[in-house]
Number of protein chains: 2
Amino acid sequence: MRLLVIGGSDAGVSAATRAREVNPTAEVTVLLVDAFPNYSICGLPFYLSGETPNWQDLAHRKAFEGIDVLTEHRAITIDPRAKTVVAAVSAERKSFSYDRLIIATGARPIRPPVPGVDLAGVYQLHTMEDTFRLERELAEGKSVVIVGAGYIGVEMADALTRRGLTVTLLGRSTVLPTVDPPLGRTIEAHLRDHGVTVYTDVELSAIERHETRLEVTGSRGVHVQADLVLLAAGVEPNAELGVAAGITTGVKRALRVNHRMETNLPDVYAAGDCVETWHRTLKRFTYLPLGTTAHKQGRVAGENAAGGAREFAGSLGTQVVKVFDLAVARTGLRDVEASRAGLDALTVETNAPDHKAYYPNSWAIQMRVTAERSGGRLLGGQLLGHWQSEIAKRIDVFATALFHDMNVDELNDLDLSYTPPFGSPWDPAQAAAQAWMSAQRTEATRRSLR
Amino acid sequence: MRLLVIGGSDAGVSAATRAREVNPTAEVTVLLVDAFPNYSICGLPFYLSGETPNWQDLAHRKAFEGIDVLTEHRAITIDPRAKTVVAAVSAERKSFSYDRLIIATGARPIRPPVPGVDLAGVYQLHTMEDTFRLERELAEGKSVVIVGAGYIGVEMADALTRRGLTVTLLGRSTVLPTVDPPLGRTIEAHLRDHGVTVYTDVELSAIERHETRLEVTGSRGVHVQADLVLLAAGVEPNAELGVAAGITTGVKRALRVNHRMETNLPDVYAAGDCVETWHRTLKRFTYLPLGTTAHKQGRVAGENAAGGAREFAGSLGTQVVKVFDLAVARTGLRDVEASRAGLDALTVETNAPDHKAYYPNSWAIQMRVTAERSGGRLLGGQLLGHWQSEIAKRIDVFATALFHDMNVDELNDLDLSYTPPFGSPWDPAQAAAQAWMSAQRTEATRRSLR
């Protein structure tokens, strides 16, 4: 069985690895567009900040036993009838035939449609090459404007501040728009406390060069000069190769797949940032490009392509990010997302200490719980706290609860761990559940008295 | 409705508080044997270590709105027909009548049945009075023998070392026998690294006084001299009051209750360390005295006594403890516990970094996953790692998975959070699941080739 994988990042390498585990006799070939198989894109900010001194350490995996990883092979056409893929290798063309094909071409950064985004000094951050280009320009005392205040934008604001640059962050809406504004405002204030200049609700209109400086112009009269500009305005699926071969697309023109990660073409699977993702709580497909999801989808695609039968269980959009001394995380749906999906949601914010206040270094956790107003089905959770307050694993408790469609009240039944240095007898998640229920009762009383 | 609660610690106060929430007109009275309502027993080591300087901060709750908390009232008899309770208040006797009664008399330290446990200089740690007595004796340079290497024993070894005492720890079996020996050995080595002398597999035989010093004698030829001895040999249910009133007992002579926390006596509930606890994975009653469980059982008892209808969902025995720089946690069943219950369990140990190794300060987590050999139903998890490796909340992900009777393989479907400073694309819990499955496959292959 010849399995061909296009793409050698998270989804592609997971698929190839899993296929070999399931079927050790499969001939597995990975076509990789650059020279860096399975590098951690999520790790780029930490290399640029200096926290990870050696870029080689960013490889998730360095050995690919039994897998033929072909670097600098850019797949250019798929012929699904002949079951072949043609790749460009420098000026050459090479043809590969397959029994099963997995497309894992990932995503690419969105380039804002304004003048100046191609000027020298304007960077993006998606590949190792992008990273090396930017790295060469970094020097203490330089200034940078980061366009985009999402995960990458705020991580890079942290990284480049650490590196000694003067950072201005431009957000189209709030800071970290994937969490609710109250959490975004806490992050925004924290960025300012660390010397980052932050502009929110600014639409980029142009980038111009004035001798050695770049000038970034945006709505609301924003003009900022800097030595460098970093574009971090999100990503879009890199799906054209699959589309040209006849694969149907869906949300955001990502490749459409079923739960087994099969496309509409026979023996062609797709996984990772180039595909639609099943949302477990929404119970519909959406576009949610995340490394964790890419690994899982790749594993499912690889297992099935190798003869197994597994379904992708769905994403909850669980995410966490560290920004200086804070961590912020989310899973499931926010209020606006639930409403957009036609659900009647109630979101309640509360605070609780990460551990018993009598034990040193206790910090408050800002928590937002979203659940169906009637019945209390948990829809999502958002947490913000000190980076040592176990925020990442606390959101995972919510994610595990969401996976099982728990009700808010049932969170109180969970037997969660406690010792004063690490928690409270009622875990903060349970304090948040109790606050939600109390708010729901108050609201119901108010309605009945109207 | 007159609700009387005997006991003002975790279960009693939770019950009283919840009853008032559910029925704001209930007349709620709590009889408390000492002067310290709802003090955090789990916090005593941190007061003694000096980390929590003010003992007053140990109160979980200081205001008891709408609840009549009567301190220094020792309940001495219950008359379930007359529905009255008599309490001793100094030399006086006072009678209290009730419509509903909740017994939350807790547990008491086990006193090893050997000569010398009543000598001056021999302490236990269960009440605030115990704590004050011990605190007066603590001074830098003094020496102490701690008898018992369970949670309290190791916490006190840490606390008293911090306080400047020379500590010897005597365990009947391994260190922290509530986790598997490989984890116990890691903790033991860590205690030694911090200057604690550790003896394991030692049965206490006597304590003697030689002038100002105490001599502790145990099996295997152990003789240790010290200024102080602390007994930390576990607890037993403080159930005699309920028994005398006619309440049936079960495991370890704890009061028997149903899922609604009702005893066999009409209108009499019981909760906390004096009762049997339903184990969610074992699906039988056991004795598992824990603060978290006491809070939950108290809340259920209070809700039902006030007219509600709620069931206790069961305990998983989830626990975590901090010992110097380490945290160790467990939930569900260990291999030996599963076998004892007639389950065919397989336990697999593995290690994974707490976060991507390329980000600074990554530590390994020692993990043990127990699941049914055939079918892979998750039975339990044990984790040991650096105290900043989010061990407490990582065990909670296992606890939430166990709550839902997940299979090991299904852990791979969980959408857990990831960012390089806090995790890996496959969470350590998932790495442990994959290691378990791989070991299970290897074992099955080996069996089929025999």
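Residues numbered from 1 in each chain as written. Chains lettered and ligands numbered in written order. Predicted model: local features only at pLDDT ≥ 70, side-chain atom pairs only at ≥ 80, totals over all residues. Heavy atoms only, no water.

A.B. asks: Give a detailed account of the overall build of chain A, specifying residues and quantitative values.
C.D. replies: For chain A, the count of helices and strands is 10 helices and 25 strands. Its C-alpha atoms give chain A a radius of gyration of 23 Å, near enough to 22 Å, the size a compact globule of 450 residues would have. Counting only C-alpha atoms and orienting by the principal axes, one finds that chain A spans roughly 70 × 60 × 45 Å. Per-residue burial over chain A gives 60% buried out of 450 residues. Taking the contacts inside chain A whose residues are at least 6 apart along the sequence as the reference set, 62% of them involve residues at least 24 apart. Summing over all exposed atoms, chain A offers an accessible surface of approximately 16900 Å²; the carbon and sulfur share of this is 48%. Computing the positive centroid from 48 side-chain charges and the negative centroid from 53, chain A places the two 4 Å apart. (Helix = DSSP H or I, 4+ residues; strand = E, 2+ residues; numbered from the N terminus. Rg over C-alpha atoms; globule rule 2.2 N^0.38 Å. Buried < 20%, exposed > 50% of the residue type's maximum accessible area, 1.4 Å probe, protein only. Contact = heavy atoms within 4.5 Å. Areas by Shrake-Rupley, 256 points an atom, 1.4 Å probe, with all protein chains shown as cover. Lys, Arg positive; Asp, Glu negative; His and termini not counted. Charge placed at Lys NZ, Arg CZ, Asp CG, Glu CD.)

A.B. asks: If you had to explain the interface of chain A and chain B to someone new, which residues and values would you point to?
C.D. replies: On the side of chain B, 63 residues touch chain A, which itself brings 63 residues to the contact. For the chain A and chain B pair, buried surface summed over both sides reaches about 6100 Å², with 59% attributable to carbon and sulfur atoms. Inspection of the chain A/chain B interface yields 6 salt bridges. For the salt bridge of Lys 393 of chain A with Asp 427 of chain B, the shortest nitrogen-to-oxygen distance reads 2.4 Å. Seen at the junction of chain A and chain B, the total is 37 residue pairs in polar contact (both at pLDDT 80 or more). Those elements that place two or more of their residues in the side of chain A that touches chain B are helix H7 (291-305), strand E21 (319-323), helix H9 (391-403) and helix H10 (428-448) of chain A. Sorting elements by how many residues they give to the side of chain A that touches chain B places H9 of chain A first, with 11 residues. (Buried area = accessible area lost by both parts, 1.4 Å probe. Salt bridge = Lys/Arg side-chain N within 4 Å of Asp/Glu carboxyl O. Polar contact = N/O pair within 3.5 Å; in protein donor to acceptor, adjacent residues only side chain to side chain.)

A.B. asks: Before we move on, can you summarise the relation of the copies chain A and chain B with the specific residues and values?
C.D. replies: In screw terms, the move from chain A to chain B is a rotation of 180 degrees and a rise of 0.0 Å along the axis, fitting with an RMSD of 0.0 Å. Both copies are brought into coincidence by an operation consistent with a two-fold rotation axis. With an isologous cut-off of 70% or more, the 100% of interface residues of chain A that recur at the interface of chain B puts this contact in the isologous class. (Least-squares fit on C-alpha atoms with pLDDT ≥ 70 in both.)

A.B. asks: Any chance you could break down the side chain of Thr 217 of chain A for me, citing the residues and the numbers?
C.D. replies: Residue and element names in this part refer to chain A. Within the secondary structure layout, Thr 217 lies in strand E14 (residues 213-218). For Thr 217, a relative accessible area of 14% puts it in the buried group. Thr 217 has contacts with Glu 203, Leu 204, Ser 205, Ala 206, Glu 208, Val 222 and His 223, leaving out every residue within four places of it along the chain.

A.B. asks: I'd like a description of the pairing of strand E24 (residues 364-372) of chain B, backed by residues and values.
C.D. replies: Residues and elements named next belong to chain B. Where burial is concerned, most of E24 is hidden: 8 out of the 9 residues are buried. Note: strand E23 (residues 345-353) against E24, 9 bridges, orientation antiparallel. Each bridged residue has a counterpart across the sheet, and for Thr 350 the counterpart in E24 is Met 367. Relative to strand E25 (residues 378-386), E24 is paired through 6 bridges, and the arrangement is antiparallel. Note that in E25 the partner of Met 367 across the bridge is Leu 383. Remark: 5 residues form the turn of the hairpin made by E24 and E25, two consecutive strands paired antiparallel; Gly 375 in that turn has positive phi of roughly 95 degrees. (Pairing = 2+ DSSP bridges.)

A.B. asks: Which residues make up the side chain of Lys 356 of chain A, and what values go with them?
C.D. replies: In this structure, Lys 356 of chain A sits in the loop between strand E23 (345-353) and strand E24 (364-372). The side chain of Lys 356 of chain A sits in the buried core without any salt bridge; Asp 10 of chain B is the nearest counter-charge, 8.1 Å away. Residue contacts for Lys 356 of chain A: discarding those within four places in its chain leaves Ser 362, Tyr 418, Pro 420, Gly 423, Ser 424 and Pro 425 of chain A together with His 60 of chain B.

A.B. asks: Tell me about the pattern of salt bridges, residues and numbers included.
C.D. replies: Residues and elements named next belong to chain A. Applying the stated criterion to the full structure yields 68 salt bridges over all chains. Put simply, Arg 163 and Glu 135 hold a salt bridge, and the shortest N to O gap is 2.8 Å. Within this pair, whereas Arg 163 is found in the loop between helix H4 (151-162) and strand E11 (166-170), its partner Glu 135 is found in helix H3 (residues 128-137), the two being separated by 28 residues in sequence. In this structure, the salt-bridge partner of Asp 344 is Arg 373, at a minimum N-O distance of 2.6 Å.

A.B. asks: Can you break down the packing of aromatic side chains residue by residue, with the values?
C.D. replies: Within a pair of aromatic rings, the relevant descriptors are the distance that separates the centres and the angle that separates the planes. This model, assessed by the stated rule, comprises 14 aromatic pairs over all chains. Ring geometry for Tyr 39 of chain A versus Trp 55 of chain A: centroids 6.1 Å apart, planes at 40 degrees, classification tilted. One end of the pair, Tyr 39 of chain A, is in the loop between strand E2 (27-31) and helix H2 (44-49); the other, Trp 55 of chain A, is in the loop between H2 and strand E3 (67-70), with 16 residues separating them in the sequence. With a relative accessible area of 26%, Trp 55 of chain A lands in the partly exposed category. Between Phe 46 of chain A and Tyr 359 of chain B the ring centres are 5.1 Å apart and the planes differ by 85 degrees, which places this aromatic pair in the edge-to-face class. Taken together, the positions of Phe 46 of chain A in helix H2 and Tyr 359 of chain B in the loop between E23 and E24 put the pair across two chains. (Phe/Tyr/Trp six-rings, centres within 6.5 Å; stacked < 30°, edge-to-face > 60°.)

A.B. asks: Talk me through the state of the cysteines; I want residue IDs and the actual numbers.
C.D. replies: On inspection of all chains with the given rule, the structure shows 0 disulfides over all chains. For Cys 274 of chain A, which is in no disulfide, the shortest distance to another cysteine sulfur is to Cys 42 of chain A and amounts to 16 Å. (Disulfide = S-S within 2.5 Å.)

A.B. asks: Mind laying out helix H4 (residues 151-162) of chain B, listing which residues take part and the relevant values?
C.D. replies: Residue and element names in this part refer to chain B. End to end, H4 covers 17 Å across 12 residues, agreeing with the expected 16 Å (1.5 Å per residue, within 8%). The element H4 is extensively covered by neighbouring structure, given that 9 of its 12 residues are classed as buried. Buried within H4 are the following residues: Tyr 151, Gly 153, Val 154, Glu 155, Met 156, Ala 157, Asp 158, Ala 159 and Leu 160. A positive phi of about 100 degrees marks Gly 164, the residue just after H4. (Expected span 1.5 Å × (residues − 1).)

A.B. asks: Tell me about the sheet that holds strand E16 (residues 228-231) of chain A, and please be specific about residues and values.
C.D. replies: Adjacent strands of a sheet form backbone hydrogen bonds with each other and so pair up, either parallel or antiparallel. All names here are of chain A. Across the sheet, which stays open at both edges, the 5 strands sit in the order E9-E16-E10-E11-E12 with parallel pairing between neighbours. Strands at the two margins of the open sheet, each flanked by one partner only, are strand E9 (122-124) and strand E12 (197-199). Between one strand axis and the next, the sheet turns by 20 degrees as a mean value, whatever way the strands run. Across 3 bridges, the pairing between E9 and E16 is parallel. If you follow Val 122 over to E16, its bridge partner there is Val 229. (Axes fitted to C-alpha atoms, helices over the stretch in contact; angles between N-to-C directions.)

A.B. asks: Quick rundown of the environment of Arg 133 of chain B? Include the residues and the values.
C.D. replies: All names here are of chain B. Locating Arg 133 in the fold gives a position in helix H3 (residues 128-137). Given a relative accessible area of 40%, Arg 133 falls into the partly exposed group. The spacing of Arg 133 and Gly 121 is 12 residues in sequence and 9.8 Å in space, taken between C-alpha atoms.

A.B. asks: Would you mind going over the sheet that holds strand E7 (residues 100-103) of chain B in detail, with residue names and values included?
C.D. replies: Residue and element names in this part refer to chain B. Ordered by their spatial adjacency, 5 strands build an open sheet running E3-E2-E1-E7-E18, and the pairing between neighbours is parallel. Pairing within the sheet leaves two strands with one partner each, and these edge strands are strand E3 (67-70) and strand E18 (268-270). The sheet shows a mean angle of 20 degrees between the axes of neighbouring strands, direction not considered. Two strands pair when backbone bridges link them, and strand E1 (residues 2-6) and strand E2 (residues 27-31) are joined in this way by 5 bridges, in the parallel orientation. Within E2, the position partnered with Val 5 by the bridge is Val 30. Strands in contact with helix H1 (residues 10-22) are E1, E2, E3 and E7; relative to E2, the strand with the most contacts, it is inclined by about 175 degrees. Against the sheet, helix H7 (residues 291-305) contacts E1, E7 and E18, and its axis sits at roughly 175 degrees relative to E7.

A.B. asks: So what about the environment of Glu 215 of chain B? Which residues, and what values?
C.D. replies: All names here are of chain B. Examined against the element boundaries, Glu 215 turns out to sit in strand E14 (residues 213-218). In this structure, the C-alpha to C-alpha distance between Glu 215 and Gly 116, residues 99 residues apart in sequence, is 9.6 Å. Excluding its chain neighbours within four sequence positions, the residues that come into contact with Glu 215 are Ala 206, Ile 207, Glu 208, His 210, His 223, Val 224 and Gln 225. A polar contact is formed between the side chain of Glu 215 and the side chain of His 223, at a distance of 3.2 Å.

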